[in-house]
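Breakdown of the fold
What follows is each chain in one-letter form.
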Amino acid sequence: MTPPVAAVEARADHLVDVLAERELDCVLVTGMVNVRYLTGFTGSNGACIVSRDERLFLTDFRYVEQAEEQVRGFDSVQAERDMLADLAGRLSGRAGFEDHQLTVKSFRKIEEKVSEGTELVAAGEVVEGLREVKDQSELSAMAAAAELADGVYEHLREHGMVGRTELEVARELERELRERGAEPAFPVIVASGAHGARPHAEPRDAEIPPDTLVVVDMGAKLDGYCSDCTRTFATGSLSDAALEVYELVRAAQERGLEATRAGTPCRDVDAAARQVIEAAGHGERFGHGLGHGVGLEVHEGPRLTKTAEGELRAGNTVTVEPGVYLPGEFGVRIEDLVTVTDDGPEIMTHFPKTLVTVT
């Protein structure tokens, strides 16, 4: 998806505002996801420089035509494939750079080539901070990705799991995502029985049995933007203990959703769900954060954890995904992707959260 010109211009304008706050004259953006966010470019070699008076996009010969089609709001410049010298020569004043993206070797090359009087300043995740708040074009893309993934969950409900291997089911879901026009946002997780007690389990070449729980974690990537959704299914009759844990996680997730609104400290959202699980005696079996931001990447800011800093803002898109994992028995995780608003969450993932049986 090439972002609308107005959206690209607004993103660059916001970045200029951040530069003023940081007392920077310009910033060099080299992380390709950040370059895409600012310019619309989807190739593999590019960079941009943003200042109050100038917005430059640089790429090499291979991508000149692609840049003409995709890049909006920036002046495009053809550079050598190794663009560091070209980039360095265009920096001036207090020049910020993405210290978490640029290698030490590349930084030293730029440092050698900058003009006298240019000061290179580590700018941190300035673009990632902007990416945390989505504009309407981004929200629309993510809603479409979530809707597509909901359809793949319906496909799973219709075609069943029992007697098929975890790996077979995972591959079918990834194939179904592609046939519907998306890419998997990450490798699909299918984990049955005791294997589901591993939060990031890898699908095995092992048959899914009846009368157990199966954790399925899946997301679609559509027009560059990701969705993320987890559902835990039954494959038949379950023990009272399994049913109790499922309903516990569902209650914790509802409590987390209720707390998800603009202005709420991120750690308080985590605490709202975590307290439900702790009160039931399973606190030690919920060992990860409640959620994370999603967008061009499936894991980005803000984070919903016990130690998270900052507050939620309107336009954040985050997951709410508590879980309980009992080694040797089973795991349960329920995850929605939501947009944060002043009035609460707008849920993008709509496959049912009441326990669904798939045989």
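Let me begin by describing the structure that accompanies this report.

1. Considerations on helix 8 (residues 166-179)
For helix 8, which comprises 14 residues, the first-to-last C-alpha distance of 20 Å matches the rise-based estimate of 20 Å (1.5 Å per residue) to within 8%. Taken together, the buried residues of helix 8 touch helix 7 (136-159), strand 7 (183-184), strand 8 (189-192), strand 9 (213-218) and strand 10 (220-222). One or two positions beyond helix 8, positive phi appears at Gly181, with a value near 100 degrees.

2. Here we look at helix 2 (residues 32-39)
An α-helix turns once per 3.6 residues; consequently, residues spaced three or four apart project the same way. Within helix 2, 6 of the 8 residues are buried, which leaves the element mostly enclosed by the surrounding structure. Among the residues making up helix 2, those that are buried are Asn34, Val35, Arg36, Tyr37, Leu38 and Thr39. One or two positions beyond helix 2, positive phi appears at Gly40, with a value near 95 degrees.

3. Points about the nonpolar core
When a protein is soluble and globular, its nonpolar side chains tend to lie buried together. In this structure, Leu15, Val27, Leu38 and Phe74 are the most contacted members of the largest nonpolar core, which totals 37 residues. Elements with a minimum of two residues in this core: helix 1 (5-22), strand 1 (26-29), helix 2, strand 2 (46-51), helix 6 (126-131), helix 7 and strand 11 (225-226). Looking at this core element by element, the count peaks at 5 residues for helix 1. With residues near it in sequence (within four places) discarded, Leu38 still touches Val8, Arg11, Ala12, Leu15, Val29, Cys48, Phe74 and Val127.

4. Comments concerning the sheet that holds strand 2
Spatially, 6 strands are ordered 4-3-2-1-5-6 in an open sheet, and the strand pairing comes out mixed. A single partner strand is all that each edge strand has here, and the edge strands are strand 4 (75-78) and strand 6 (119-122). Strand after strand, the sheet turns through a mean of 25 degrees between neighbouring axes, direction not considered. Where strand 1 and strand 5 (residues 94-97) come together, 3 bridges link them in parallel fashion. Bridge pairing in strand 5 links Leu28 to Phe97. Docked against the sheet, helix 1 engages strand 1, strand 2, strand 3 (55-59) and strand 5, running at close to 60 degrees with respect to strand 2.

5. Here's the deal with the pairing of strand 8
Within a regular strand, the side chains alternate between the two sheet faces. Here strand 8 shows a buried face lined by Ile189 and Ala191 and a second buried face lined by Val190 and Ser192. Across 4 bridges, the pairing between strand 8 and strand 9 is antiparallel. If you follow Ser192 over to strand 9, its bridge partner there is Val214.

6. Thoughts on the packing of aromatic side chains
Aromatic rings in a pair are described by how distant their centres are and how their planes are angled relative to each other. Under the criterion given, the structure shown has 6 aromatic pairs. Ring pairing ties together the aromatic residues Phe41, Phe57 and Tyr63, which thus form one cluster. Across from the ring centre of Phe286, 4.0 Å away, lies the NZ or CZ of Arg274, which sits over that ring.

7. Topic: the environment of Ala144
Checked against the element boundaries, Ala144 lands in helix 7. A residue is classified by how much of its surface remains accessible, and Ala144, at 30% relative accessible area, is partly exposed. Remark: the alpha-carbon pair of Ala144 and Asp223, spanning 79 residues in sequence, is separated by 9.3 Å.

8. Concerning empty space enclosed by the protein
On inspection of all chains with the given rule, the structure shows 2 cavities of 30 Å³ or more. Lining of the second largest cavity is provided by Arg231, Thr232, Phe233, Tyr246, Phe351, Pro352, Lys353, Thr354 and Val356. Here the lining of the second largest cavity is composed, by residue class, of 5 nonpolar, 2 polar and 2 charged.

9. What about the pattern of salt bridges?
What the rule picks out here adds up to 24 salt bridges. Asp60 is the partner of Arg62 in a salt bridge, and the nearest nitrogen-oxygen pair spans 2.9 Å. As a salt-bridge pair, Lys109 and Asp82 come within 3.6 Å of each other at their nearest N and O atoms. One end of the pair, Lys109, is in helix 5 (residues 104-113); the other, Asp82, is in the loop between strand 4 and helix 4 (84-89), with 27 residues separating them in the sequence. In this structure Lys109 comes out as partly exposed when scored by relative accessible area, which is 34%. Judged by relative accessible area, which is 48%, Asp82 ranks as partly exposed.

10. Let's talk about the side chain of Glu98
Residue position: Glu98 is located in the loop between strand 5 and helix 5. This buried residue, Glu98, is left without a salt bridge; Arg131 holds the nearest opposite charge, at 7.0 Å. Every residue in contact with Glu98, bar those within four places of it in the chain, is listed here: Leu28, Val29, Thr30, Gly31, Asn34, Gly124, Val127 and Glu128.

11. Let's talk about the sheet that holds strand 9
Read from one edge to the other, the open sheet built from 3 strands follows the order 8-9-12, with strand pairing classed as antiparallel. In this open sheet, the two edge strands, each paired with only one partner strand, are strand 8 and strand 12 (229-234). Put simply, the sheet's adjacent strands are angled 15 degrees from each other on average, direction ignored. In this fold helix 7 packs onto strand 9 and strand 12, with an angle of close to 150 degrees to the strand it touches most, strand 9.

Cut-offs applied
Residues numbered from 1 in each chain as written. Predicted model: local features only at pLDDT ≥ 70, side-chain atom pairs only at ≥ 80, totals over all residues. Heavy atoms only, no water. Helix = DSSP H or I, 4+ residues; strand = E, 2+ residues; numbered from the N terminus. Expected span 1.5 Å × (residues − 1). Contact = heavy atoms within 4.5 Å. Buried < 20%, exposed > 50% of the residue type's maximum accessible area, 1.4 Å probe, protein only. Core = buried A, V, L, I, M, F, W, Y, C linked by side-chain atoms within 4.5 Å. Pairing = 2+ DSSP bridges. Axes fitted to C-alpha atoms, helices over the stretch in contact; angles between N-to-C directions. Phe/Tyr/Trp six-rings, centres within 6.5 Å; stacked < 30°, edge-to-face > 60°. Lys NZ or Arg CZ within 6 Å of the ring centre and 35° of its normal. 1 Å grid on protein atoms, 1.4 Å probe; cavity = no way out; pocket = protein on both sides within 12 Å on 5 of 7 lines; lining within 4 Å. Points joined across faces, edges and corners; volume = space filled by probe spheres on them. Nonpolar A, V, L, I, M, F, W, Y, C, P; charged D, E, K, R; others polar. Salt bridge = Lys/Arg side-chain N within 4 Å of Asp/Glu carboxyl O. Lys, Arg positive; Asp, Glu negative; His and termini not counted.

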